[in-house]
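Structural description and commentary
Residues per chain, in single letters:
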Amino acid sequence: MRAIGSPDILIVEDEPAILTSLEFILQHAGWKTQTVTDGEAAIRAVQVLLPKIMVLDLMLPKKNGFEVLKIIRGQSATKNLPVLILTAKGQQQDKQTAKELGASGFVTKPYANTDVIDAVADLIGTVSKADLSL
Amino acid sequence: MISGTLVFGTSIAYIILLFFLAYISDRNARLGKGKLLRSPLVFTLALSVYCTSWTFYGAVGSAARNGLEFFAIYLGPTLVFVGWWFGLRKLIRIGHKQRITSIADFVSSRFGKSERLAILITIMAVVGITPYIALQLKAISTSLRVILTESPNAALPQSGDEVGLAFGVAAAMALFSVMFGTRNINANEQHHGVVAAIAFEAIIKFIALIAVGLFVVFGLGGGFEATYARAQGVGVSLDASSNFGPRWITITILSAAAIICLPRQFQITVVENANENHLRTASWAFPLYLFGISIFTMPIAIMGLSLLPEGADPDMFVLTLPLAYDQQGLALFAFIGGFSSATSMIIIASIALSIMISNHIVVPLALRSPKVFGLEHGQGMTRLLLTSRRVSIGAILFLGFLYFWLTSGSGALAPIGLISFAGVAQFLPAILAALYWRDATVNGALAGLLVGFAFWAYTSFLPSFGTASPVITNLLLYGPWQLEFLRPQALFGLEQLDPLVHSVFWSLLANSMALIFVSFVTRNNAVGQLQAAQFVDVFKQTENSQYSFTRSSAPLNDLLVMTQRVLGTDHANRIFETYSNSDRIKQNKDASPHFIASLEKELAGSIGAASAHVLLGQVVSGDTVTLEEVMQMADETQQILEYSQRLEQTAEELQSTTRQLQTANNQLRQLDQQKDEFLSQVSHEVRTPMTAIRSFSEILLTNQELNGTQKETFINTIHEESMRLTSLLDEILDLNALERNEQLWTNEPINPNLAIARSIQVCTPITEQHQMDVRLGEHIRHVKVEANFDRICQVFINLISNAAKYNDADQPFLEITSEITKAPGKPDQLLIRFTDNGPGISSIHSSIIFDKFWRGARNPDTAQSGSGLGLAISKEILNQMNGSLELELPRIGNTKAGACFAVRLPLHM
């Protein structure tokens, strides 16, 4: 059960400039956001905040995106949490790994802002539908 | 006076003793016992067959007539054994390898197994040795007459019934030699018994001569000094210089040649030699024997001249001195000694010559007309060999007697010996060429020998008959057809020379010239070519190297029958059994070329190389190989060798190329992987600022309602990210250039303290932002380093800003110190340390911090991070300054473990 006041989106990104832009466009699209800048903070935050979705960069300090994904998929509360992977590597291998680890979506940097918004909207929509079905 | 009964009795007893000795030795040799028989001592003693009755009696005569000249006779052999032992070793090695049976066999075998050459040498040897045998007969008969005569004038020569006596001696000697030399059924084996008897005789004659010498010097002369003091009085010159001259040199050369070329010496040295290593002992022991046997020669001559009546024969002093002083026992012993000397020479010489005659003259004739020689059935060959040898011995001794008879009255012993020496010396050029000159040909050898022999016969042999016929006397005086320049002893106007020197000079000169000239204009045939290599390069060949002269095969049965004829049934069967048992050829009825070749050697050991070659040629169906074919074979072999060597070389080259390629490939793969990683990293590094730029520009484009502050912030971010992108690209290019070792700057002496000060100043904004205190600690003040000012500042700025960015301490500081380090064998360096109190670098990371794109965990406040190339670039820069950049453990004493970067720069001297 999500707490009242929980953000819609948890953004995990270590590049300050990208973080700022992501915050701006997603808030501008009407979602509540929360940000963290490293992998370990992300794992802690996701348990506490229980966001609707997580936007996860792969290159992160302390724990990288794959490690974070693996851990949160192993925990019951976040087992089904939609996770949108952002990566600057853009290699097929990364996409495959992310899929195997249970990523819900994949956006390659540099991206068009609308790509991110659409992808997030898609994932939040599925969540909403799931909510409705309850 | 000594009674005839006693003399003959003693002589016969002595001969019986010799027979007994020979018999025992033969039996021991057959049973494989007689170790002593195969010892170097027996070999050395047997060699002293060189010392004949000429030495025993004649040397004293020579000393009495010509002073020290006799000594040259011993000097030649001594020089050969001491100074040319390696040549003798080569002779022996070849002799063993080729199963050589005689000196004629040796030369003929070397020159293509030529029959003509073997026959020529046999004839030359027989003619050359005849005077020598006559000399022995003369010595024995004269000594017999002396010891038997009761007359007080015994010393005077009386030629009355000496001829009859000599004939008797010759007949006895022939019988004696036949019994000794041809007792063995197996004619090809070494004569162990005879060699043992000869060695025994060597001891007897040595002791006898020494005994006489001791009696003469100490019994009659009163010591050496007193003896030599009489020399002047009797007209013997002891002055070496008066004896030294062309004649002396000639005799030395002749005696040196004789020790090699005399058939009997060759027989003992090469054919009868059991072990090449015996030469080691002989090379000093034989000269010692010669020295011992010659030590009393001069004293006996002096005492004989001074004590015996005028006109006494000096050749008999050894006998007449003891007789004159009534030492009959000693005289008898001396007689036996002289008898020993003569018999040993006659036995060995006649055996050697008879082997040559039977192998090189009789056998070839028999092979051509087998019917006449009864060779058609069974054992014919063995019987023929023995018979022909027996007849030869008789003939040789008869020739000796004939010579003695014809030249009787020609006087002294020594000149006769020297004629023989000069005769056999004609073999020397051919032997030396056989050993050392590969290109010497059979025709060259034939020509040399023929010419040399002709010159010797005309200038030496013929004149020795001077007293026998007035025709010869006239010839000597006026030359043939009154042509004075053709006088035998003054050829081509060479008048003043001693006849011996004259003869040796012309004959050896003509001999060598003919050999050399004809060898240059003729070629060897195939066999000659192969044999030349076998002889000249005998030491280069391995034990098994053997040529197959026939490329064809022969039925084993035919070969067996033929071998049985020559070697006897038992011996032949043994050889063939070994062969058929040995290998896979059991079913094969034909013998392999290899076997035929070894069989040929086996036969050669019995009947000589030339005869064996001809004999095999009758059975072996194939033709002899022509020279062209041999050369072609050799060429092909050479080509195959070269080809396979080239192949091997190519294969090796290929292998090493493959290895190099593999290494290069691995390196390339590694590089490729590194490049992939690098590209991926670059891509990531570029995409990150690009993402921000794209995102913010889209925001600015799509959101017109943004306020001015927001717009400004976003545009600033875009600008910063663009700058970051630019500097990233710059750094990538910079690093690339550094890694390719491009010379981007020149090092020059700079003040490092100035560079540090400048760098601190440049970094002020970032250090102030992080409130980091930059301290200058202990440092070297006046110092210069080899570096580039701007580039070293780049390094320092990187280190200072890194320290600022990653230092999360409450009161962050960075301390910069410097000191001079000295390392042996290296130039002095300035060590600059940058020590901070930040989080430090964990040991996990210490190995990768200089890798490209590695970044530490950043301080979250940091607005802008670096490219991750800073340390990699700094390290490269310092490498190119012959310095270094390393991470050190922070010094103990620091309050907090931080990071410590050590920069080393070469000092400017």
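How each quantity is defined
- Residues numbered from 1 in each chain as written.
- Chains lettered and ligands numbered in written order.
- Predicted model: local features only at pLDDT ≥ 70, side-chain atom pairs only at ≥ 80, totals over all residues.
- Helix = DSSP H or I, 4+ residues; strand = E, 2+ residues; numbered from the N terminus.
- Buried ≥ 20, exposed ≤ 12 C-beta atoms within 10 Å, placed from the backbone.
- Contact = placed C-beta atoms within 7 Å.
- Nonpolar A, V, L, I, M, F, W, Y, C, P; charged D, E, K, R; others polar.
- Core = buried A, V, L, I, M, F, W, Y, C linked by C-beta atoms within 7 Å.
- Pairing = 2+ DSSP bridges.
- Axes fitted to C-alpha atoms, helices over the stretch in contact; angles between N-to-C directions.
- Parallel < 35°, antiparallel > 145°, perpendicular 65-115°, else oblique.
- Right-handed = clockwise from strand over helix to strand, strands pointing away.
- Left-handed = near helix turned anticlockwise from the far one by under 90°.
- pLDDT = per-residue confidence, 0-100.

1. Section: the overall build of chain A
Looking only at helices and strands, one finds five helices and five strands in chain A. From first element to last, N terminus to C terminus, chain A shows the α and β order β-α-β-α-β-α-β-α-β-α. Counting all 134 residues of chain A, 40% fall into the buried class. Considering only residue pairs separated by 6 or more positions, chain A has 60% of its internal contacts joining residues 24 or more positions apart.

2. Looking at the overall build of chain B
Counting its regular elements, chain B contains 36 helices and nine strands. Here chain B holds 909 residues, and the buried ones make up 46% of them.

3. Observations concerning helix α16 (residues 297–307) of chain B
Residues and elements named next belong to chain B. Summarising burial for α16: nine of the 11 residues are buried, a large majority. When α16 is considered as a whole, its buried residues turn out to be Thr297, Met298, Pro299, Ile300, Ala301, Ile302, Met303, Gly304 and Leu305. The elements touched by buried residues of α16 are α3 (53–66), α9 (192–221), α10 (224–229), α11 (231–234), α15 (278–294) and α17 (317–324).

4. Brief notes about the interface of chain B and chain A
Taken together, the contact between chain B and chain A spans 19 residues of the former and 22 residues of the latter. At the level of elements, α30 (627–702) and α31 (708–739) of chain B are the ones that each hand at least two residues to the side of chain B that touches chain A. Considering every element that reaches the side of chain B that touches chain A, the biggest residue donor is α30 of chain B, with 13 residues. For the side of chain B that touches chain A, the class distribution of residues is seven nonpolar, eight polar and four charged.

5. Here's the deal with helix α36 (residues 870–879) of chain B
Most of α36 of chain B is tucked away: nine of the 10 residues are buried. Along α36 of chain B, the residues that are buried comprise Gly870, Leu871, Ala872, Ile873, Ser874, Lys875, Glu876, Ile877 and Leu878 of chain B.

6. Some details on unusual backbone geometry
Residues and elements named next belong to chain A. Here the amide bond leading from lysine 109 into proline 110 is cis, since omega sits at -10°, within 30 degrees of zero. As for its placement among the helices and strands, proline 110 is situated in the loop between β5 (105–108) and α5 (113–133). The phi torsion at leucine 50 lies on the positive side, around 45°, for a residue other than glycine. By secondary structure assignment, the location of leucine 50 is in the loop between α2 (39–49) and β3 (53–57).

7. Describing the nonpolar core
In terms of nonpolar packing, the biggest core is built from 196 residues, with Ala46, Val107, Ile121, Cys261, Val318, Ala425 and Ala445 of chain B touching the most fellow members. The dominant element in this core, judged by the number of residues it contributes, is helix α18 (residues 328–368) of chain B, at 23 residues. Sequence-distant contacts of valine 107 of chain B, defined by excluding residues within four places in its chain, comprise Leu117, Ile121, Phe427, Ala430, Ile431, Ala434 and Ala445 of chain B. Counting residues in each nonpolar core, the second largest holds 41 residues, with Val46, Leu84, Ile85 and Ala103 of chain A among its members.

8. Thoughts on the sheet that holds strand β6 (residues 813–821) of chain B
All names here are of chain B. A sheet is described by the order of its strands in space; here five strands give the open sequence β4-β6-β7-β9-β8, paired in mixed fashion. Unpaired on one side and paired on the other, β4 (773–776) and β8 (884–888) mark the two borders of the sheet. Adjacent strand axes in the sheet meet at a mean angle of 20°, parallel and antiparallel pairs treated alike.

9. Focus: the environment of isoleucine 419 of chain B
Residue and element names in this part refer to chain B. Its place among the elements puts isoleucine 419 in helix α20 (residues 413–424). Spatially, the C-alpha atoms of isoleucine 419 and isoleucine 129 are 8.9 Å apart, while their sequence positions differ by 290 residues. If sequence neighbours within four positions are ignored, isoleucine 419 has contacts with Pro131, Ser460, Phe461 and Ser464.

10. Thoughts on the packing of helix α4 (residues 71–83) of chain B against α15 of chain B
Residues and elements named next belong to chain B. Closest axis-to-axis distance for the α4/α15 pair is 8 Å, and the angle between their directions is 170°. Here α4 lies roughly antiparallel to α15, going by the angle between them. Of α15, the residues touching α4 (which contributes Phe71, Tyr74, Pro77, Thr78, Phe81 and Val82) are Ala282, Ser283, Phe286, Pro287, Leu290 and Ser294.

11. Quick look at the pairing of strand β2 (residues 33–36) of chain A
Side chains on a regular strand alternate between the two faces of the sheet. Residues and elements named next belong to chain A. The sheet contact formed by strand β1 (residues 9–12) and β2 spans four bridges and is parallel. Across the sheet, leucine 10 pairs through a bridge with glutamine 34, a residue of β2. A crossover connection joins β1 to the parallel β2 through helix α1 (residues 16–28); in handedness this β-α-β unit is right-handed.

12. With respect to the packing of helix α7 (residues 115–148) of chain B against helix α22 (residues 442–461) of chain B
Residues and elements named next belong to chain B. One can describe the packing of α7 onto α22 by two numbers: an axis separation of 10 Å at closest approach and a directional angle of 20°. Between α7 and α22, the crossing angle belongs to the class labelled roughly parallel. Our pair here, α7 against α22, has a crossing hand that is left-handed. Across the interface between the two elements, Arg116, Leu117, Leu120, Ile121 and Met124 of α7 pack against Val442, Ala445, Leu446, Leu449, Leu450 and Phe453 of α22. Grouping the constituent residues of the contact of α7 with α22 by class yields 10 nonpolar, no polar and one charged.

13. What about the environment of glutamine 761 of chain B?
Residue and element names in this part refer to chain B. When you line up the elements, glutamine 761 lands in helix α32 (residues 752–762). Assessed through the 11 C-beta atoms surrounding it within 10 Å, glutamine 761 is described here as exposed. Sequence separation of glutamine 761 and isoleucine 797 is 36 residues, and the distance between their C-alpha atoms is 9.3 Å.

14. Let's talk about the pairing of β6 of chain B
Residues and elements named next belong to chain B. Where β4 lies against β6, four bridges are found, and the strand directions are parallel. Pairing of valine 774 across the sheet is with leucine 814, part of β6. The pairing of β6 with strand β7 (residues 829–836) spans eight bridges and is antiparallel. Its bridge partner lying in β7, leucine 814 is registered against aspartate 836.

15. Focus on the sheet that holds β5 of chain A
Residues and elements named next belong to chain A. Spatially, five strands are ordered β2-β1-β3-β4-β5 in an open sheet, and the strand pairing comes out parallel. Since the sheet does not close on itself, it has two edges, and those belong to β2 and β5, each with one partner. In this sheet, neighbouring strand axes are inclined to one another by 20° on average, regardless of whether the strands run parallel or antiparallel.

16. A closer look at the environment of valine 536 of chain B
Residues and elements named next belong to chain B. Among the secondary structure elements, valine 536 is positioned in helix α25 (residues 526–536). A count of 20 C-beta atoms within 10 Å places valine 536 in the buried class. For the pair valine 536 and tyrosine 436, spaced 100 residues apart in sequence, the C-alpha to C-alpha distance is 5.3 Å. Contacts of valine 536, omitting those with residues within four sequence positions, involve Leu435, Tyr436 and Arg438.

17. Looking at the confidence of the model for chain B
Residue and element names in this part refer to chain B. For chain B, the mean per-residue pLDDT works out to 79, and 82% of the residues sit at or above 70. Mean pLDDT in chain B bottoms out at helix α12 (residues 240–243), which sits at 64, and peaks at strand β3 (residues 748–750), which reaches 89. Contacts from residues 150–159, a stretch scored under 50 in pLDDT, to residues over four places away or in other chains number 16 contacts. Among the prediction metrics, the complex's ipTM stands at 0.87, with pTM recorded as 0.57.

18. Describing the confidence of the model for chain A
When pLDDT is averaged along chain A, the result is 82; 87% of the residues meet or exceed 70. A low-confidence stretch, residues 129–134 of chain A stays under pLDDT 50, and its non-local contacts, those more than four residues away or across chains, total zero contacts.

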